[in-house]
Amino acid sequence: MTAPTFDLDRLRRYPDIEAHDLVAVDATDRLVLDEAAAALADAGPGEVVVIGDRYGALTLGAVALHGARDVRVHQDTLVHERALVANAEREGLAGTFRQLSLVPELVTGARVVLLQLPRGLAALEEIAELVAAHAAPDVVVVAGGRLKHMSRGMNDVLGQHFADVTASLARQKSRCLIARRPTAPATFPSFPRTQVDEESGMSIAAHGAAFAGPSLDMGTRYLLSFLPEMSPAARDAIDLGCGTGALAAGLAAQRPDLHVVATDTSDAAVRSARATLEANGVADRVEVVRADGLEGQPPRSADLIVCNPPFHVGATLQPDVAIELFKDAARVLRPGGELWTVFNSRLGHAGALRRIVGSTKVMGDNGRFTVTRSIKQPSRTATGTISG
């Protein structure tokens with residue numbers, strides 16, 4: 001399907017953050033499409049795969065500018081999936097792609113893979129081994145990134161799974177790595193990877209793009225130490241932004257009568273959480289949901305929410321993400337319910353928690369991380385503009 005009037009510059013970030021200095025297409029998207037032009041022209045229906053597209057530039061560019069058909073797409077976060085759908089509908093390109101998880105069906109028989117390079121090497125390794133194991137023997141992977149975020153390690157990871165890895169010339173501070181001739185993985189699949197945390201005895205499983213990998217990050221470890229103090233009469237609990245599911249697993253293991261929901265916007269996190277819960281024998285007592293915050297959770301439906309909020313989205317510092325999670329928690333908590341939060345001490349979220357949720361007490365501060373308990377007040381709402 002071609003659309004001669006299609007213009008990448010018309011794409012929008014919505015429903016992600018939109019501002020005058022934030023764009024939906026960048027130099028890397030354009031370079032990947034240009035480097036892959038010949039391969040895209042030769043690809044048949046269903047033979048083009050896009051991984052890591054943010055707002056649809058690669059997917060819709062491949063369709064509208066290069067004639068790709070029935071494109072298979074994987075995006076880790078829900079907001080990127082929704083941005084692609086919104087842009088496709090606006091441009092009259094709905095139905096030209098399929099969105100899938102990072103599973104063999106995504107890449108089976110693929111001859112062209114367009115990739116926005118992930119920041120982490122483990123995320124790239126999982127993608128590379130999946131493509132090498134299931135794509136067509138003549139597949140070409142065109143992986144682009146900003147020079148400041150690229151490393152020699154990316155070449156090495158691709159080189160473990162492809163016999164031919166070359167680099168394009170740099171353009172506008174972007175470069176592509178081009179991989180051909182896949183080699184059979186020695187062990188497949190090697191993800192999720194699982195490690196036992198010696199201090200807690202908990203098994204942590206992680207797919208490549210999951211934050212902190214198969215280990216406990218320091219904030220989560222600190223918050224876990226407060227589990228015995230959390231809302232002893234709680235019936236329903238939520239691990240908000242669950243990551244690999246360690247907090248949900250800890251709650252379920254220590255409190256068998258508690259109904260636990262674990263939720264995250266990341267596909268890698270959700271799949272990791274399910275594996276972590278399985279590894280710890282509590283998968284039957286935790287419901288794992290892929291969602292943007294607490295969408296779908298009814299108001300006043302939880303007694304306890306635990307949260308280790310992110311303050312980066314990709315390479316961008318975005319502390320407002322935590323504020324939106326606090327608003328979600330205020331909506332979903334029952335009066336008297338508790339929100340337990342851990343955050344980098346320099347962020348000072350306690351004031352925002354008092355305004356959004358209710359009475360907030362610092363329960364611990366180890367010099368790097370702060371743990372707070374916020375109690376939902378009956379009259380408190382999550383509406384209005386939050387400052388500070």
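Scroll up to find the structure.
Model, not experiment: these values are computed from the prediction.

Participant: So what about the packing of aromatic side chains? Which residues, and what values?
Facilitator: The full count for this structure, using the stated rule, is 2 aromatic pairs. Plain terms: the ring middles of Tyr222 and Phe226 are 5.3 Å apart, the flat faces sit at 80 degrees to each other, and that makes the pair edge-to-face. Given the relative accessible area of 17%, Tyr222 is considered buried. Their ring planes at 40 degrees and their centres at 6.1 Å tell us that Phe226 and Trp340 sit as a pair that is tilted. With Phe226 in the loop between α8 (218-224) and β10 (236-240) and Trp340 in strand β16 (residues 333-344), the pair connects residues that are 114 residues apart, well separated along the chain. Judged by relative accessible area, Phe226 falls into the buried class, the value being 7%. Trp340 gets classed as buried once you look at its relative accessible area, which sits at 0%. An aromatic cluster is present here, built from Tyr222, Phe226 and Trp340 joined pairwise through their rings.

Participant: Could you give me a rundown of the sheet that holds strand β5 (residues 140-146), with the residues and numbers involved?
Facilitator: On the basis of which strands lie adjacent, the open sheet formed by 7 strands has the order β3-β2-β1-β4-β5-β7-β6 and mixed pairing. Single-partner strands in this sheet number two, and they are β3 (97-99) and β6 (162-167). Strand after strand, the sheet turns through a mean of 20 degrees between neighbouring axes, direction not considered. In the sheet, strand β4 (residues 112-116) pairs with β5 via 5 bridges, with the strands oriented parallel. Bridge pairing in β5 links Val113 to Val141. Here helix α4 (residues 78-90) sits on the sheet and contacts β2 (71-74) and β3; the angle it forms with β3, its principal contact strand, is near 160 degrees.

The rules behind each value
Along each chain, the written sequence defines residue order, and numbers are assigned to residues from 1. Side-chain atom pairs in this predicted model are given and counted only at pLDDT of 80 or more, local residue features only at pLDDT of at least 70, and totals for whole chains, interfaces and linings cover all residues. Note that the side-chain values use all heavy atoms of the structure and ignore hydrogens as well as water. Two rings belonging to Phe, Tyr or Trp (six-membered ring only in the last case) form a pair when the distance between their centres is within 6.5 Å. Interplanar angles under 30 degrees mark stacking, angles over 60 mark edge-to-face geometry, and anything in between is tilted. Categorising residues by exposure relies on relative accessible area from a 1.4 Å probe, with only protein chains included: less than 20% of the type maximum marks a residue as buried, more than 50% marks it as exposed, and the intermediate range marks it as partly exposed. Under the DSSP-based scheme used, a helix requires at least four consecutive residues in state H or I and a strand at least two consecutive residues in state E, with every element numbered from the N terminus. Two strands pair under a simple rule: DSSP has to find at least two bridges between them. To get an axis, a line is fitted to the C-alpha atoms, and for a helix only the part in contact is used. The angle between two axes follows their N-to-C directions and goes from 0 to 180 degrees. The contact definition used throughout considers only heavy atoms, calling two residues in contact when any of these lie within 4.5 Å.

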